Each structure stands twice: as structure tokens, then as C-alpha cells.
Amino acid sequence: MRTQTPSFVVKVKLHLQENIKAYLNKSFHIADSAYNETLSFGLKRFSAMKKNERYQELLERRREALKVHENIKKEIKKETEKEIKQKLKEEVKQIKTQLKEIDENLEEIRMNYGLTKYQFSPWLLGRRKQTKAYQHLNTAELQVIAENAYKTLSQVIFYKTKPEKLKFRSKYSLEHSFRNNVNITGTRLVESKKTNVAYRLYIHKRSTFIDIPVSAFTEYQQVQLLRADKIKYVQIVSKTIRGKQVFYLYIVCQGIPVSKIQKGEGVTGVDPGVSTVAYVSKDSCGLVDLVPKDFVRKERLIQNLSRKIERSRRVNNPEAYNENGTRKQDVRLKPLSKRAKRLAIRRQTAYRKLTEERRKRQGELVNLIVSQSSVVKIEDLDVKSLQKRKRETRVNPKTGRPFSKKRYGKAVFKAAPGYFRTLLLQRANSTGCKVDIISPKKTKPSQYNHITGEFNKKELKTRIYNLTDEVTDIQRDLYSAFLIAYIENDKYLTEQLEENFDNFYKNMKKQLRILREKPSRLSWYVA
């Protein structure tokens, strides 16, 4: 297994001639075709494996073992006698050994059907010998495509999604790319000895290349490249922005990048929510909305475009739908009409703009937090669990109908809280800022009252409450962030909490006054 080393990316815009653009578009088309063929091959193998009786038997045994494992864990939590607890723990160990054996048997069956990471690459390289078009790409580039196809298919193999939900690459997509996994052969970047030329980019072979001038890089990017230990690999990306095709080169370098910002001093507590982030440092605090400003308008635009595309698809494929409007499974849809393709491009553009605005907003917030602190303590938020449907079926006593099992899928799409945490960890690593992940299961910062030392559970809708009769109007998220800043080894530092509370209370009042003056999405959090 390769050792993982720190990496960073330098992004450069490429100015290309028409013949090079045509050459790259051919490469994108072949790369997408290779990916689609590999994914289709994997799906066929998977459907064949599902028919295997031994495979289905092992899956059933695994499901039963997991159910028993969960039930025993619940019993251990309820049980008070040590002897019974010990017996239950021994049963858990036995079940774990059973699960290990089952997993080994399942892995063996997957290997027999060629559904492992290391069996996809040889298959695609074998197809390269048979297909002349695939010889346009280097073997290392095809290996990367095979790895990406397996990564997508693994969602189906391990039952995280359904086969029909997998998306194949389309030639009508606004973004295409291919990359190498080394900087020795194929598509690679080599230092140039020419004057005013920084690098020479070879595309697949030595006869096709681009000279990248020094002026293409900013001063900051030049420093980054000089500080890099080496160039790991390069990726060429094509994006359609406002109807024009733009090409970018992503240079993946080994090393730690030079940060534009410097870490501050002190401890900052961060309480990430589904769509908000509360942070508290020694001298300031803030409650920030992660959702882009124009999200409602753009979301409405996306919905309208989706409806128009669906209406066009139904008009052009009347034989593919039943009378009640449901889709027939055995009928193949015709390609989108020209009008529907234009609408689909508009929808992709709207998604791209939302993503860029969200990333910019979160990048600014991360820079602000890191510049104020040498240590960042952030509450652990499991975003994947927030997206999952609830298992329990609850019935509304008034109507007799079951409540919706949906959770925070749409909110996660709007705000992308997982990306915020990833970006914070990356920026902290590059600046030397320490990050501590605080578990809410043990400390329960949303329930704790540092004045009384008690844990009081509150409803989710309760955002403003009183700690005591004297200390009133406490914002839940900001107070949680304040408490998180003074947790060490799953225990609260009571002396430091009492010492710094007055300063936090003043800053919180100022922040609430600012948020209440301007009506926004945060009005509900401070009302």
C-alpha cells in the first residue's frame, strides 16, 4: 500500500489553440466512454453475482447476525448485573468472529466474479489492446478511470445505493476531465529550459505538448510550486462557463502549501449545525448561515427547469409511461430534444453557481476562524447519519397517519456542512493550527448549564433560553460553542468557564442585536 503524503493543488487556466482543444475533447470523449464501459461491465458482473445462491445465503446470515448484535448491545446498556453483562459481551465477541468469517467468504465470492479494485484495471487494459480508440490514452490514465469506476460501483456492491441510481458520464455534461496517477509517463508536467516558459505539458505522448508561460502563474502560485517536494500528477479539466469552454490544469504537488493566512492565538469553539455554524473565540463570536444568499431563487429556477425537462421527456416518450403517469421499466427512453438539452445545460449552470458561492462563503468563514485561534475545538457532526431515513415508524395521534421518515437531506444539500469541516481541517493543517474533535455523546454541550452544573434536555425548536433568572436570553448554538472551547478529555474546565463567561455574554448580546436588526434566515435562531 502506498504511503500517504500531504498534498496541495495549484490551479492554472490554459489558453489553447483550436487543434489542441479538439485533441483534448477527443480525449475527454474516450475517457468518458472507457468509464461507462467499465461501469457497465461491473454492473453485469454484480447482477450475475446476485444470482449465486451461496452469496444470497451469506448475505442473509450477515443480516441476522447484525440484528442479533444490535439487540445484545441494547441489552448491555439496560443491564445492571456484572455477570450477565460479561456473558453478553462474550456473545458479542462470538458474533464478531462470525461476521468476520462471513465477510471473508463474501470477499472470496467477489474475487471470483472479478468485483475487486485490482481486477478492474487489468480488464480495462485488456480492452485497450482490442479497442484502437482506448490506445489514445496512456495505461496509467486508464488505471485511474478503472479505479473511479470501481469506486462508483462499490456503492452498489456494498448496498449503499441501488444500481439504477448510478450515473453514467454524459457527453452533454458541462465538466469533463482525465488525469494521470504519476508524473513520469503519459500526461505529465516537465520544467522547461526556455526563457519565459515555466513548464511543458505533454498530453498522452511526447509529440503533443503545450508550453505554459511564467505569466500564467501568480506570484503566490510560483512560491507554492517552488516549495513543493515534487509534482505527483496533473489533471486536465474542461468546464463550460456562460456557453464558453474553458480549460484548467490542476497540478497536484507533494508537500504543505504556503498559507495566505496565519494562525492566531487562543482557543476557538465551533458548533456546526446542519445549515449554520456558531463559533466563539476569546474576543468575538458569530452565528453564520452556510446557505448561499440567492439559494431560494436559484432553487426555484432549478425546480422549474426540471419540470420543463420532465414534460419534454414525457411528450417525446408517450409509450414509456403508464396511464397513471408511472414509468415503464422495460422501455428505453429516447435522447433529449435540443430544447431539453439547452434546459439541462441551464440547470447544470445553476448548480455550478450555487456550489461556487457556497465554497467561497465557507472558505471565508474558515479563514476567519483559523486567523483567530491556535487551537480549534469542533463538535463531531455525522452528516451521513443526518441524511438517512429514520428506521422507526411513528404515527401521528391526531390524524392516524405515519410521520415522514425523511430527515435533513435537503438541508445538507443546501449548506454542505461536511465540506466545511473538511476545509477547516485542511486549512488548520496547512497553518499549523491544532484541531480537536469533541464527542457530543459524552459532554452534551447543548444540554449543559455551567452555572448549576446540570444537564437539561431541550426541544429542537428551543433556540433562546435562560440559564438562571439573572442570566437570560442565551442563544443555544453560541453557548454550545462557548462550552466546547473549554472541554478537555471529555470534561468541562469549570474555572475557565466561570472566568470567561462574562466576556462571552457581552459579545453574544452584541451578535444577537446585529442579527435581530436585519431579517434573514437566521431570524428563527435568535427569536
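Provided above is the structure to which this section pertains.
To keep things clear, this report deals only with the structure shown in the data block. Since this is a predicted model, take the numbers as computed values, not measurements. (Residues numbered from 1 in each chain as written. Predicted model: local features only at pLDDT ≥ 70, side-chain atom pairs only at ≥ 80, totals over all residues. Heavy atoms only, no water.)

Looking now at the layout of surface pockets. By volume, the second largest pocket amounts to about 2100 Å³. Taken together, 37 residues form the lining of the second largest pocket, with Phe158, Tyr159, Lys160, Thr161 and Lys388 sitting closest to its centre. Of all the secondary structure elements, the ones that give two or more residues to the lining of the second largest pocket are helix H1 (18-50), helix H2 (53-78), helix H3 (82-112), helix H5 (139-157), helix H9 (383-387) and helix H11 (417-431). Ranked by residue count, the leading element in the lining of the second largest pocket is H2, at nine residues. Residue composition of the lining of the second largest pocket, by class: 12 nonpolar, six polar and 19 charged. (1 Å grid on protein atoms, 1.4 Å probe; cavity = no way out; pocket = protein on both sides within 12 Å on 5 of 7 lines; lining within 4 Å. Points joined across faces, edges and corners; volume = space filled by probe spheres on them. Helix = DSSP H or I, 4+ residues; strand = E, 2+ residues; numbered from the N terminus. Nonpolar A, V, L, I, M, F, W, Y, C, P; charged D, E, K, R; others polar.)

Okay, the pattern of salt bridges next. Under the defined criterion, the tally for this structure stands at 21 salt bridges. Linking Asp289 and Arg521 is a salt bridge whose minimum nitrogen-to-oxygen distance equals 2.7 Å. Here Asp289 is found in strand S10 (residues 285-289), whereas its partner Arg521 is found in the loop between helix H14 (494-517) and helix H15 (523-526), with 232 residues between them in sequence. Salt bridges linked by common partners bring Lys194, Arg200 and Asp211 together as one network. (Salt bridge = Lys/Arg side-chain N within 4 Å of Asp/Glu carboxyl O.)

Counting buried positions along S10 yields four of five residues, so the element is predominantly enclosed. Hairpin connection between strand S9 (residues 276-280) and S10: a loop of four residues separates the two successive antiparallel strands. (Buried < 20%, exposed > 50% of the residue type's maximum accessible area, 1.4 Å probe, protein only. Pairing = 2+ DSSP bridges.)

Attention now moves to unusual backbone geometry. Here the phi dihedral of Tyr159 falls at roughly 55 degrees; this positive angle occurs in a residue that is not glycine. The topology assignment puts Tyr159 in the loop between H5 and strand S2 (175-179). By relative accessible area, Tyr159 is classed as partly exposed at 42%. Despite not being glycine, Asn196 shows a phi value in the positive range, around 65 degrees.

Here we take up the packing of aromatic side chains. Scanning the entire structure with this criterion turns up 21 aromatic pairs. An angle of 75 degrees between the planes, with centres 6.1 Å apart, marks the rings of Tyr351 and Phe413 as edge-to-face. Of this pair, Tyr351 sits in helix H8 (residues 338-371) while Phe413 sits in helix H10 (residues 409-415); the two residues are 62 residues apart in sequence, bridging distant segments of the chain. On the basis of relative accessible area, Phe413 is assigned to the partly exposed category, the value being 38%. On the basis of an interplanar angle of 85 degrees and a centroid distance of 5.0 Å, the ring pair of Trp524 and Tyr525 is categorised as edge-to-face. (Phe/Tyr/Trp six-rings, centres within 6.5 Å; stacked < 30°, edge-to-face > 60°.)

Turning next to the sheet that holds S9. Across the sheet, which stays open at both edges, the five strands sit in the order S10-S9-S8-S11-S12 with mixed pairing between neighbours. The open sheet has two free edges, formed respectively by S10 and strand S12 (434-438), since each of these has just one partner strand. Neighbouring strand axes in the sheet, compared pairwise and without regard to direction, differ in orientation by 20 degrees on average. Pairing of strand S8 (residues 267-272) with strand S11 (residues 375-379) involves four bridges; the strand directions are parallel. By the bridge assignment, Thr268 is partnered in S11 with Val376. Set on the sheet, H14 makes contact with S9 and S10; between it and S10 the angle comes to about 35 degrees. (Axes fitted to C-alpha atoms, helices over the stretch in contact; angles between N-to-C directions. Contact = heavy atoms within 4.5 Å.)

Time to look at the sheet that holds strand S5 (residues 205-213). Reading across the sheet, the three strands line up as S3-S4-S5 and stay open at both edges, with antiparallel pairing between neighbours. The sheet is open, and its two edges are formed by strand S3 (188-191) and S5, each paired on a single side. Within the sheet, the average angular offset between the axes of one strand and its neighbour, ignoring direction, is 30 degrees. With six bridges connecting them, strand S4 (residues 197-203) and S5 associate as antiparallel partners.

This brings us to a positive patch on the surface. On the surface, Lys73, Lys74, Lys77, Lys78, Lys89, Lys93, Lys96 and Lys441 cluster together into a positively charged patch. Those elements that provide at least two residues to the positive patch are H2 and H3. The biggest single contributor to the positive patch is H2, with four residues. Structurally, the position occupied by Lys89 is in helix H3. (Patch = residues over 30% accessible without salt bridge, like charges linked within 9 Å, V, L, I, M, F, W, Y side chains within 5 Å. Areas by Shrake-Rupley, 256 points an atom, 1.4 Å probe, with all protein chains shown as cover. Lys, Arg positive; Asp, Glu negative; His and termini not counted. Charge placed at Lys NZ, Arg CZ, Asp CG, Glu CD.)

To find leftover empty space, one rolls a probe the size of a water molecule over the atoms. In the structure shown here, the tally under the stated rule is two cavities of 30 Å³ or more. Estimated volume of the second largest cavity: approximately 30 Å³. Around the second largest cavity, the lining residues are Ser312, Arg313, Asn316, Asn317, Lys334, Pro335, Leu336 and Ser337. Residues of the lining of the second largest cavity, tallied by class, amount to two nonpolar, four polar and two charged.

All right, on to the packing of H1 against helix H4 (residues 117-130) then. For the pair H1 and H4, interaxial distance at closest approach is 11 Å and the crossing angle is 125 degrees. When the interaxial angle is binned, H1 and H4 end up oblique. Between H1 and H4 lies a crossing whose hand is right-handed. On H4, the residues touching Ala34, Glu37, Thr38, Phe41 and Gly42 of H1 are Phe120, Trp123, Leu124 and Arg127. Partitioned by chemical class, the residues of the contact of H1 with H4 number five nonpolar, two polar and two charged. (Parallel < 35°, antiparallel > 145°, perpendicular 65-115°, else oblique. Left-handed = near helix turned anticlockwise from the far one by under 90°.)

Take the packing of H4 against H5 next. Closest axis-to-axis distance for the H4/H5 pair is 8 Å, and the angle between their directions is 135 degrees. Judged by the inter-axis angle, H4 sits oblique to H5. In this structure, H4 meets H5 at a crossing whose hand is right-handed. Between H4, through Lys117, Phe120, Ser121, Leu124, Leu125 and Arg128, and H5, the contact on the second element is made entirely by Thr139, Leu142, Gln143, Ile145, Ala146, Glu147, Tyr150 and Leu153.

Next up on the list: the side chain of Lys298. Take Lys298: it is sitting in helix H7 (residues 295-316). The buried category is assigned to Lys298, whose relative accessible area is 11%. Dropping the residues within four chain positions of it, Lys298 is found in contact with Lys353, Leu354 and Glu357.

Everything listed is a geometric property; what it means functionally is a separate question.
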